[in-house]
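These are the residues of each chain, in order.
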Protein chains: 2
Amino acid sequence: MDKDFDYKDIMIPADIEKKSFEIITNELGDRTFDPEIDPVVKRVIHATADFDYADNLSFSEHAVRKMQNAIRNGASIVTDTNMAKAGINKKKLAEFGGEVYCFMADSDVAEEAKKRSITRAAVSMEKAAGLGKNIIFVSGNAPTALMKIYELLTENKLIADSNITDGRSIVSGIIAVPVGFVHVVEAKELILETKVPHIVARGRKGGSNVAAAIVNAILYSM
Amino acid sequence: MDKDFDYKDIMIPADIEKKSFEIITNELGDRTFDPEIDPVVKRVIHATADFDYADNLSFSEHAVRKMQNAIRNGASIVTDTNMAKAGINKKKLAEFGGEVYCFMADSDVAEEAKKRSITRAAVSMEKAAGLGKNIIFVSGNAPTALMKIYELLTENKLIADSNITDGRSIVSGIIAVPVGFVHVVEAKELILETKVPHIVARGRKGGSNVAAAIVNAILYSM
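Asker: Where do I start with the packing of aromatic side chains in this structure?
Answerer: The description of two aromatic rings rests on the distance between their centres and on the angle between their planes. Counting across every chain of the model gives 4 aromatic pairs over all chains. On the numbers, 6.1 Å between centres and 85 degrees between planes, the contact of Phe51 of chain A with Phe181 of chain B is edge-to-face. Taken together, the residues span two chains, with Phe51 of chain A in the loop between α2 (38–48) and α3 (53–56) and Phe181 of chain B in the loop between β5 (170–176) and α10 (184–192).

Asker: Looking at this structure, I do not really get the side chain of Thr194 of chain A. What am I missing?
Answerer: Residue and element names in this part refer to chain A. Counting through the fold element by element, Thr194 comes out in the loop between α10 (184–192) and β6 (198–201). Within the structure, the side chain of Thr194 is placed 2.8 Å from the backbone oxygen of Ile191, a separation counted as a polar contact. Among the polar contacts listed, one links the side chain of Thr194 to the backbone nitrogen of Val196, at a separation of 3.5 Å. Apart from the residues lying within four places of it in its own chain, the contact partners of Thr194 are Tyr150, Leu153 and Ile174.

Asker: What exactly am I supposed to notice about the state of the cysteines here?
Answerer: Linking two cysteines covalently through their sulfur atoms gives a disulfide. Counted under the stated rule, the structure contains 0 disulfides over all chains. Note on Cys102 of chain A: no disulfide assigned, nearest cysteine sulfur contributed by Cys102 of chain B at a separation of 18 Å.

Asker: Looking at this structure, how should I read the sheet that holds strand β2 (residues 76–79) of chain A?
Answerer: Neighbouring strands of a sheet are bound in pairs by backbone hydrogen bonds; such pairs are parallel or else antiparallel. Residues and elements named next belong to chain A. Reading across from one edge, β1-β6-β5-β4-β2-β3 is the order of the 6 strands in this open sheet, with mixed pairing throughout. Sheet topology places β1 (57–59) and β3 (100–101) at the edges, where each strand pairs with a single neighbour. Pairing between β2 and strand β4 (residues 134–139): 4 bridges, direction parallel. When the sheet's bridge partners are listed, Thr79 is paired in β4 with Val138. Each of β1, β5 (170–176) and β6 is contacted by α10, which is oriented at about 155 degrees to β6, the strand it contacts most.

Asker: How should I be thinking about the relation of the copies chain A and chain B in this particular structure?
Answerer: Between the two copies of the chain lies a rotation about an axis combined with a shift along it. Aligned on chain B, chain A shows an RMSD of 0.0 Å; the corresponding rotation is 180 degrees and the shift along the axis is 0.0 Å. Taken together, the rotation and translation describe the operation of a two-fold axis. Minimal C-alpha distance to the rotation axis in chain A is attained by Met83 of chain A, lying at 2.5 Å.

Asker: What is the right way to read the pairing of strand β6 (residues 198–201) of chain B from this model?
Answerer: Residue and element names in this part refer to chain B. What you see with β6 is no split at all: His198 and Val200 on one side and Ile199 and Ala201 on the other are buried throughout. Across 3 bridges, the pairing between β5 and β6 is parallel. Bridge pairing in β6 places Ile174 opposite His198.

Asker: Help me understand empty space enclosed by the protein, please; the structure alone is not making it clear to me.
Answerer: To locate leftover empty space, one rolls a probe as large as a water molecule over the atoms. Counting across every chain of the model gives 2 cavities of 30 Å³ or more. Its boundaries defined by the atoms lining it, the largest cavity holds a volume of some 90 Å³. Around the largest cavity sit 14 residues that line it, and Thr48, Asp50, Tyr53 and Asn209 of chain A together with Thr48 of chain B are the ones nearest its centre. Grouping the amino acids of the lining of the largest cavity by side-chain chemistry returns 4 nonpolar, 6 polar and 4 charged. Counted as a void, the second largest cavity has a volume near 30 Å³. Lining the second largest cavity, in full, are Met67, Ile71, Ile77, Ile136, Ile175, Val215 and Ile218 of chain B. Where the lining of the second largest cavity is concerned, the elements lending two or more residues are α4 (63–72) and α11 (208–220) of chain B. Grouping the constituent residues of the lining of the second largest cavity by class yields 7 nonpolar, no polar and no charged.

Scoring rules and cut-offs
- Residues numbered from 1 in each chain as written.
- Chains lettered and ligands numbered in written order.
- Predicted model: local features only at pLDDT ≥ 70, side-chain atom pairs only at ≥ 80, totals over all residues.
- Heavy atoms only, no water.
- Phe/Tyr/Trp six-rings, centres within 6.5 Å; stacked < 30°, edge-to-face > 60°.
- Helix = DSSP H or I, 4+ residues; strand = E, 2+ residues; numbered from the N terminus.
- Polar contact = N/O pair within 3.5 Å; in protein donor to acceptor, adjacent residues only side chain to side chain.
- Contact = heavy atoms within 4.5 Å.
- Disulfide = S-S within 2.5 Å.
- Pairing = 2+ DSSP bridges.
- Axes fitted to C-alpha atoms, helices over the stretch in contact; angles between N-to-C directions.
- Least-squares fit on C-alpha atoms with pLDDT ≥ 70 in both.
- Buried < 20%, exposed > 50% of the residue type's maximum accessible area, 1.4 Å probe, protein only.
- 1 Å grid on protein atoms, 1.4 Å probe; cavity = no way out; pocket = protein on both sides within 12 Å on 5 of 7 lines; lining within 4 Å.
- Points joined across faces, edges and corners; volume = space filled by probe spheres on them.
- Nonpolar A, V, L, I, M, F, W, Y, C, P; charged D, E, K, R; others polar.

Fair warning: the whole summary comes from geometry, so function is off the table for now.
Written out as structure tokens, the structure is:
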């Protein structure tokens, strides 16, 4: 092994993370962020090494604080990708009473999607709307998940701004960061129109890693 | 919902993927790739919407074909992140007899790492080396995983170029795409020095999504 790079000398993970955030802050230079969103932007850059996210991420007013309040009140997370579920710190979320759901691999979802010729992501969102829970939606993959959430909101099958559920789920936040080339930009723009607290990666970029990084940044700054 | 963007009109996922690859090919313009690596490069761009990967990805000679041969012979995958494990098409890999291992959350790995003050990723790679299996290593997260693989190779605790195992694992490929700001670039350069078939995302960029996309591209073009 290269003598300048001894395996035994490397830093422990916590130190590596600290050093990484220092490098990110340094390279951002004059670009500074409101303290509420700063940890989110930097954790996404940390997860991607892509500084485009300094410009791409759009936050509705106090989206981070509002989602943190929802989590404090026991909100759960519904995601459209098992990769995002794998990356979210479920132990940390559980400290507040919430859990992470992903229905994408459920057999009833697959059957229903096939029957109606719609995507499993869309059916998954319907399933979530019927949970009667307080939910933060996290989309890292499927634009159809976002379109369905928008539709469910429009048709009052999902409730925003409420503390009482009547079988319908309450949506406390939407993290809209699917990646892709088809339908993705438009689907994310739809979420920007909603009154639900939201964090959107505008444009094509995003992904499960970005989704998990945003959720973890929200959890770690609570 | 916007009239120009009716949920019912959207394409099915297979068509979206096809259209996405057409867009990527079109935007790459004159940049063409050897047919062996073309599906890998494009699937990574598909997973990230980041065209930097057209330049970042480095392939050793016939790395894709060699890893496909290993998979045909039943090679398994060991990854340093549960997110990558979640994203890899395990059903497809199982058709050839392989499975995906990730030891990062194992309690024995955590204990050993703590005892020796090294990372869990490094201990995970040691555990993999002792499996006595034919393995493709996939790192989407931890540079220390790559450094440990390099060390194990140097110390002959992992065998390359062999069909016979004596308790040590045989390494048939290394997909080295961790993301990050500290130790990451150097760790990836170490893998470029090895004679093991490898695919490396040079520079800072990479991640679990990139790792899973590369493995899936290799599987889908078999």
